[in-house]
Amino acid sequence: MSGFEFESLEKTLEKYIPENELTEVKRILFGNPTKNLELHSSAEIVASERDFELQGHAFQSAPEQLRASRRVRVGLIQNRTVLPTDAPILDQISAAHSRIAELVEVAAMCDVNIVCFQETWTMPFAFCTREKEPWSEFAESAEDGPTTRFCQELAKKYNMVIVSPILEREALHNTLWNTAVVISNSGQVLGKTRKNHIPRIGDFNESTYYMEGNTGHKVFQTQFGKIAVNICYGRHHPLNWLMYSMNGAEIIFNPSATVGALSEPMWSIEARNAAIANHCYTCAINRVGTEHFKNEFTSGDGKKAHHDFGHFYGSSYVSAPDGSRSPGLSRTRDGLLVVELDLNMNRQISDNITVCTSNAYIVHKYLKYNIYIQSPPIVLEQ
């Protein structure tokens, strides 16, 4: 069976594991089971018509006597590029906008509060090619570029926080960055955070286009909780997750673009481990499909020249601080994953297992790694 035909780990388990054993197998692999989240039937109909997978799940947390539940719904969107990579750039961007608008509309029908798109969602992941043109033309302003304006309209229309990872062009120094723009549910740009770890292995030739970000470990205060964005390769670095958590993040999004041969065995582990270690929710988003490029490229690794980067395996999922995780989306299809969280669980887990982790202790412990906390670390909504 090829990777392209393999739909998902969960579906394979359900197909081959006897029903009387399946519950225990899933418990051991995925932790406490999530509840199926009842979604509007109209949302399911529209998702089917628009040919994308729709899943809904809810984590179960303990009720408290003195605090009301802090329930938040997050939406994770994974999708393949709509047009061929050699189509006119404006057409590619417009097609991506149209496709995302379709999925975000369904997210709104499912009462999603915060939605996150995949890494550099308006373009093919062309950083494998090492060609500056035409790919650098996809770059745009994080503050007032067409994609940010498009997301601002969606955010206002649906009362939804939007995390929009793009290729940013900083006008002052004409510099490119891999950036996530955070837009509040009122349509204001809360700010941006830049990818702070850059891969230099195999076909990952990203340093041809941009270098490590300079925004530190920002956390954004939204109406629905404190969120951070750990872009793609940053998930391989445990201390990276730690610093977002240290700065107050309750939910850490990890928009990615990663292919099977290199990273898939680690994919289901890293974000989940980060949720456990840092007492917060983590959301792992990966694009899906195979993107073909007209010009062959090599990467100095001795491999034969090729036209594609490999298969982006999707499998987006959410993890909770108690070690449980939602089922993942498909490895082959566009999809929207809707997950309901209770942010109270973060403190519950911390209270139950923390022994000696005061902020001062942790900061002192990790100063030797030249990690620092920015001040102020939290960006407040205006």
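Along every chain, residues carry numbers that run from 1 in the direction the sequence is written. Local features in this predicted model are restricted to residues whose pLDDT is 70 or higher, and side-chain atom pairs enter the listing and the counts only when it is 80 or higher, whereas totals over whole chains, interfaces and linings include all residues. Calculation of side-chain values draws on the structure's entire complement of heavy atoms; hydrogens and water are dropped beforehand.

The protein has the name Ureidopropionase, beta in an unreviewed UniProt entry, where Gadus morhua is given as its organism.

Asker: Report on the environment of I276, specifying residues and quantitative values.
Answerer: Along the chain, I276 turns up in helix 7 (residues 260-278). Through-space distance from the C-alpha of I276 to that of S319 is 8.4 Å; in sequence the pair is 43 residues apart. Residues count as neighbours in contact if any of their non-hydrogen atoms are within 4.5 Å of one another. Dropping the residues within four chain positions of it, I276 is found in contact with P321 and G323. Numbering of helices and strands runs from the N terminus; a helix is a DSSP stretch of H or I covering at least four residues, while a strand is a stretch of E covering at least two.

Asker: Which residues make up the UniProt feature "domain: CN hydrolase" (unreviewed entry) in the protein, and what values go with them?
Answerer: UniProt positions are given in the numbering used here, feature names are shortened, and annotations may be inferred rather than shown by experiment. Under the feature "domain: CN hydrolase" (unreviewed entry), the UniProt entry names residues 72-343. In residues 72-343, helix accounts for 23% and strand for 33%; the two terminal C-alpha atoms are 7 Å from one another.

Asker: Talk me through the confidence of the model for the protein; I want residue IDs and the actual numbers.
Answerer: Averaged over the protein, the pLDDT score is 91; the fraction of residues at 70 or greater is 91%. Across the chain, each position has a pLDDT score giving the predictor's confidence in that residue, from 0 to 100. Predicted confidence is poor over residues 360-375, with pLDDT under 50, and the contacts of this stretch with residues over four places away or in other chains come to 21 contacts.

Asker: Explain the nonpolar core residue by residue, including any values.
Answerer: Judged by nonpolar contacts, the single largest core of 33 residues is most densely connected at L54, F117 and L336. Only helix 3 (41-49), strand 2 (53-58), helix 4 (89-109), helix 5 (146-158), strand 5 (161-170), strand 6 (175-183) and strand 17 (335-342) provide two or more residues apiece to this core. With six residues, the top contributor of residues to this core is helix 4. Residue contacts for L336: discarding those within four places in its chain leaves F52, E53, L54, Q55, G75, L76, I77, L103, V106, A107 and L329. What we call a nonpolar core is a set of buried Ala, Val, Leu, Ile, Met, Phe, Trp, Tyr and Cys residues that are connected through their side-chain atoms within 4.5 Å. Throughout this description, buried means an accessible area under 20% of the type-specific maximum (1.4 Å probe, protein chains only), exposed means over 50%, and partly exposed covers the range between.

Asker: Would you mind going over the layout of surface pockets in detail, with residue names and values included?
Answerer: By rolling a water-sized probe across the atoms, one finds the places where empty space is left. Roughly 390 Å³ of volume is contained in the second largest pocket. The method works on a 1 Å grid over the protein atoms by themselves. A cavity is a set of points holding a 1.4 Å probe that cannot get out, a pocket is an open set with protein on both sides within 12 Å along at least five of seven lines, and residues with an atom within 4 Å of a point line them. Around the second largest pocket, the lining comprises 18 residues; the ones closest to its centre are K26, P33, T34, H57 and P327. Counting residues per element, the ones that place at least two in the lining of the second largest pocket are helix 1 (9-16), helix 2 (19-30) and strand 2. Lys, Arg, Asp and Glu make up the charged group, whereas Ala, Val, Leu, Ile, Met, Phe, Trp, Tyr, Cys and Pro make up the nonpolar group; the residues left over, Gly among them, are polar. Counted by class, the lining of the second largest pocket contains four nonpolar, nine polar and five charged residues. Grid points are joined across faces, edges and corners, and a volume is the space filled by probe spheres set on the points.

Asker: Could you give an account of unusual backbone geometry, with specific residues and numbers?
Answerer: Look at the link from E133 to P134: it is a cis peptide, with omega at 0 degrees. The backbone phi angle of D111 is positive, close to 60 degrees, even though this residue is not glycine. On the secondary structure map, D111 appears in the loop between helix 4 and strand 4 (114-116). Despite not being glycine, H279 has its phi angle at roughly 55 degrees, a positive value. Structurally, the position occupied by H279 is in the loop between helix 7 and strand 13 (281-286). Looking at H279, the relative accessible area reads 19%, which means it is buried.

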